[in-house]
Amino acid sequence: MQSSMMSMPLTISSLIEHAARYHGETEVISVETDGTVATSNWSRIESDARKLSAVLSSLHVSSDACCATVAWNNKRHLQIYFGVAAGGRVCHTINPRLFPEQIEYIVNHAADEVVFFDKTFTPLVRALKDKLQTVKHYIFMGESDDEVKTAIPEVLFYDELLASASDDYIWPALDENTPSSLCYTSGTTGHPKGVLYTHRTTVLHSIGGNQPDGLAISAKDTVLPVVPMFHVNAWGVPYIAAAVGCRMVLPGPGLDGDSLVRLIDGYGVSLALGVPTIWIGLLAALEKTGSKVPSLKRTVVGGSALPTSMLQDFRDNYQVDSIHAWGMTETSPLGTINQPLFKHLELPEAEYEHVRLGQGRPLYGIELRLVDDDGVQVAEDGESHGRLQTRGLWVVSQYYKASESALSEDGWFDTGDVATIDNDGYLIIRDRSKDMIKSGGEWISSVELENIAMSHPSIAQAAAIAAAHKQWDERPVMIVVRHENAELREDELLQFFDNKIASWQKPDAVIFVDALPLGGTGKVLKTRLREQYGRHLL
Ligand code: AMP
């Protein structure tokens, strides 16, 4: 039977064309790498994206080439997102915080033909350049610059290239299953693995991720993606922003609390998105400056768990709703978002807070299940722990250039997280499977210990690790950072765990440090802590 309906491919060009046509005047504010602020709009972003596609063709970059970016969140990066993908090529965002050897590996593995870079990363590109086997063009994201030219003599300048290009270039008609962007996961062991998204998965993620019970970004919002554009496409926010035509503030390199307060207050940001470490900095800066960030209504918190104290501080002192989200590179990344159900609205405050602290429920397009080590499904009763598996409209099926499927025999992706799910579908991540602490055969959740420690008023950051133990095999040790000027002793913090957790789950020791080691995406590097303190109890 033949349907009556048009068949239009789901393409990234359709997102930016919509933004330019219906929201052309809406501002895109961009903090440049030198700290100056440039104001563009969706219409100009689109015409520059078109020019960029034309430039890449005239530079004889292959029609399906991977083009790497090493860049902050700024307007040129946004143009590259759209211009590279709409032209049929693949936008490969590189996390500059990875080890140089990892960056070398992934550029060669992806066979990138172009590297776009911001000024900050000139030394990095210069140091790696001779080892990058497939790169034909290094394009500096700015005007002509003598310093950059001296460091990288063959460099081309983005602004010069675009100045001589015409914006009447017509994007090719693409199949929606054409690859569009590439992100590598920063695994703590082995080589990073690439996830190659398509136009179709990106558009579906933009629609599914932005439902009223999803990110719920609208044309009335001013959105500040603090989450880097080099980390899982800034959680898809650039594409969603184009689809809805919201105002956008791209923060550039300054991600410290003071800079963020200035941007939020200066441009009336209503929604900001980022990892908890960013919000620790923002909350400290708010306390210092006295700003109440009156425009800010919501923060989306993901990447690692939202601490109770953070939700309370935002809510009680700034009337900001913290929306907890879970996802991963392999899920584009949005998987679950914490929005309440009708029945939750009547709950007493403490119970309501309990609901809102979890990672939320799956978006339309994502399915979750829990299994035990034998692959047998575990009850979704809010208590039974299991390995979290997922499948859906924007979930990986095979890593880039891998020879095998990344899925179980029956088609599910194992996230490596240990979780519970309740009978409304609300997910709570209990741990990464490799971070769980096994004491005398019983599991202790490091996340639970960290949440308790973080709720102590003197504690700024906390990580729980498994330390080797003669009798129990492993026992929990807390590594914590105190707030500035806070005084807190080990015995006081240990006592704080009383009655909050079973006594055998209490940590054996507390180690005070000045800072926790963070990985490329702002997450605590537990492997490093285990190497350093894993024998503390022997
Ligand atoms: P990545 O692919 O780098 O984004 O890392 C994905 C992993 O981060 C997930 O598998 C989780 O272990 C962790 N993660 C992401 N969001 C959360 C969250 N809201 N709470 C706890 N862990 C999270």
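In this text, all values refer to a predicted model and were calculated from it rather than measured experimentally. (Residues numbered from 1 in each chain as written. Predicted model: local features only at pLDDT ≥ 70, side-chain atom pairs only at ≥ 80, totals over all residues. Heavy atoms only, no water.)

Quick look at the overall build of the chain now. When helices and strands are tallied, the chain shows 17 helices and 25 strands. In terms of overall dimensions, the chain has a C-alpha envelope of 70 × 65 × 50 Å along the principal axes. Counting across all 538 residues of the chain, residues that qualify as buried make up 59%. Counted over contacts in the chain with a minimum sequence separation of 6, partners at least 24 positions apart contribute 66%. Accessible area for the chain stands at about 23,200 Å²; split by element, carbon and sulfur atoms hold 49% of it. Each charge sign in the chain was given a centre, from 46 positive and 69 negative side chains, and these centres are 2 Å apart. (Helix = DSSP H or I, 4+ residues; strand = E, 2+ residues; numbered from the N terminus. Buried < 20%, exposed > 50% of the residue type's maximum accessible area, 1.4 Å probe, protein only. Contact = heavy atoms within 4.5 Å. Areas by Shrake-Rupley, 256 points an atom, 1.4 Å probe, with all protein chains shown as cover. Lys, Arg positive; Asp, Glu negative; His and termini not counted. Charge placed at Lys NZ, Arg CZ, Asp CG, Glu CD.)

For helix H3 (residues 75-86), with 12 residues, the first-to-last C-alpha span of 16 Å sits near the 16 Å given by 1.5 Å per residue. Burial within H3 is extensive, with 12 of its 12 residues counted as buried. Taken together, the buried positions of H3 are occupied by Lys-75, Arg-76, His-77, Leu-78, Gln-79, Ile-80, Tyr-81, Phe-82, Gly-83, Val-84, Ala-85 and Ala-86. Of the residues one or two after H3, Gly-88 is the one with positive phi, at around 100°. (Expected span 1.5 Å × (residues − 1).)

Another aspect to go through is unusual backbone geometry. Backbone phi values are negative for most residues with the exception of glycine, while trans is the configuration of most peptide bonds. For the bond from Ser-332 to Pro-333, the omega torsion is 10°, close enough to zero to count as cis. Its place among the elements puts Pro-333 in the loop between strand S14 (321-327) and strand S15 (334-337). Positioned with a positive phi, Ala-234 is a non-glycine residue whose angle comes to about 50°.

What follows covers the domain arrangement of the chain. Looking at the chain, the domain boundaries give domain 1 (12-198) and domain 2 (436-533). The C-alpha centroid of domain 2 is placed 40 Å from the C-alpha centroid of domain 1. With both chains or domains summed, domain 1 and domain 2 bury close to 370 Å², and 54% of this area falls on carbon and sulfur atoms. The interface formed by domain 1 and domain 2 holds 0 salt bridges in total. Linking domain 1 to domain 2 there are 0 residue pairs in polar contact (both at pLDDT 80 or more). Here the residues of the side of domain 1 that touches domain 2 sort into 1 nonpolar, 3 polar and 1 charged. (Domains from an automatic or database assignment. Buried area = accessible area lost by both parts, 1.4 Å probe. Salt bridge = Lys/Arg side-chain N within 4 Å of Asp/Glu carboxyl O. Polar contact = N/O pair within 3.5 Å; in protein donor to acceptor, adjacent residues only side chain to side chain. Nonpolar A, V, L, I, M, F, W, Y, C, P; charged D, E, K, R; others polar.)

In spatial order, the strands read S7-S6-S5-S3-S4-S8-S9; together these 7 strands make up an open sheet with mixed pairing. The two strands at the open ends of the sheet, each matched to only one other strand, are strand S7 (156-157) and strand S9 (193-198). Where strand S4 (residues 90-93) meets strand S8 (residues 179-185), 2 bridges bridge the pair, whose relative direction is parallel. Looking at S8, one finds that Cys-91 is bridged to Ser-181. (Pairing = 2+ DSSP bridges.)

Looking now at the environment of Val-513. Looking at where Val-513 falls in the secondary structure, it is placed in the loop between strand S25 (509-512) and helix H17 (526-533). Relative accessible area serves as the criterion here: at 15%, Val-513 is assigned to the buried category. C-alpha separation for the pair Val-513 and Pro-123, spaced 390 residues apart in sequence, amounts to 31 Å. The contact partners of Val-513, leaving out residues within four places of it in the chain, are Ile-479, Val-480, Val-481 and Tyr-533.

Once that is clear, we can look at the environment of Ala-305. Its location among the elements puts Ala-305 in the loop between strand S13 (298-301) and helix H13 (308-318). On a C-alpha basis, the gap between Ala-305 and Ala-464 in space is 13 Å, while along the polypeptide they are 159 residues apart.

Our next topic: the side chain of Gln-359. Note that Gln-359 resides in the loop between helix H14 (349-357) and strand S16 (361-362). A polar contact of 3.0 Å, which involves the side chain of Gln-359, links it to the backbone nitrogen of Ile-429. Beyond its immediate sequence surroundings of up to four residues, Gln-359 is in contact with Ala-305, His-324, Ala-325, Trp-326, Thr-336, Ile-337, Asn-338, Leu-427, Ile-428 and Ile-429.

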